[in-house]
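# What the coordinates show
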Amino acid sequence: MRATLFFLFAIIAAAAFADSAPVGADEEAELRAEFDAMDLDKDGLIDRRELSQMDDAPEESDIDEFIMSFDQDGDGKISYEEIIDDAMNNPGNDDGEVE
C-alpha cells in the first residue's frame, strides 16, 4: 500500500498504543495534523474522493481497505473519532483491523 496513505497508521502505532498508554499531547497533535491534511474539504471526515486526490494517490483497492479498516458506522467515511477509537480499542494493532 502507498506510504502516503498509511502514514496515518504509523502515527497510531508510534503513539504508544502498543502499551495501552494514553495518547500524549505531541502524538495527538501529530495525528490530528495528519488527519486534517487528508481532510481536504475540512468537513471532519476523510472520504474516497479525498483519498483519491492525494499526492501519490493510492490504488482504489487500497482506498477501500483503508476506509473499511476504520469506518465503524458504515457511512463510507472516516472521522477522527473513529481513528482514535480504533487505536484505543486495538492497542498494538496498527492496521485498523479488529483482532
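Residues numbered from 1 in each chain as written. Predicted model: local features only at pLDDT ≥ 70, side-chain atom pairs only at ≥ 80, totals over all residues. Heavy atoms only, no water.

A few words on the nonpolar core. Membership of the largest hydrophobic core comes to 14 residues, with the highest contact counts inside it found for Met-38, Ile-46, Leu-51, Phe-66, Ile-78 and Ile-83. Contributions of two or more residues to this core are made by α2 (25-38), α4 (60-70) and α5 (80-89). In terms of residue count, α4 provides more of this core than any other element does, four residues in total. (Core = buried A, V, L, I, M, F, W, Y, C linked by side-chain atoms within 4.5 Å. Buried < 20%, exposed > 50% of the residue type's maximum accessible area, 1.4 Å probe, protein only. Helix = DSSP H or I, 4+ residues; strand = E, 2+ residues; numbered from the N terminus.)

Structurally, Ser-69 can be placed in helix α4. A residue is classified by how much of its surface remains accessible, and Ser-69, at 11% relative accessible area, is buried.

With that settled, consider α4. Regarding α4, the residues found buried are Asp-62, Ile-63, Phe-66, Ile-67, Ser-69 and Phe-70. Across the axial projection of α4, the buried residues extend over an arc of 160°, all falling on one side. (Arc of directions from axis to C-beta.)

Looking now at the packing of α2 against α5. Taken N-terminus to C-terminus, the directions of α2 and α5 make an angle of 135°; their axes are 11 Å apart at the nearest point. In this view, α2 runs oblique relative to α5, as classed from their interaxial angle. Between α2 and α5 the crossing geometry is right-handed. Within the contact between the two elements, α2 uses Glu-28, Leu-31, Arg-32 and Phe-35 and α5 uses Tyr-80, Ile-83 and Ile-84. Residues of the contact of α2 with α5, tallied by class, amount to five nonpolar, no polar and two charged. (Axes fitted to C-alpha atoms, helices over the stretch in contact; angles between N-to-C directions. Parallel < 35°, antiparallel > 145°, perpendicular 65-115°, else oblique. Left-handed = near helix turned anticlockwise from the far one by under 90°. Contact = heavy atoms within 4.5 Å. Nonpolar A, V, L, I, M, F, W, Y, C, P; charged D, E, K, R; others polar.)

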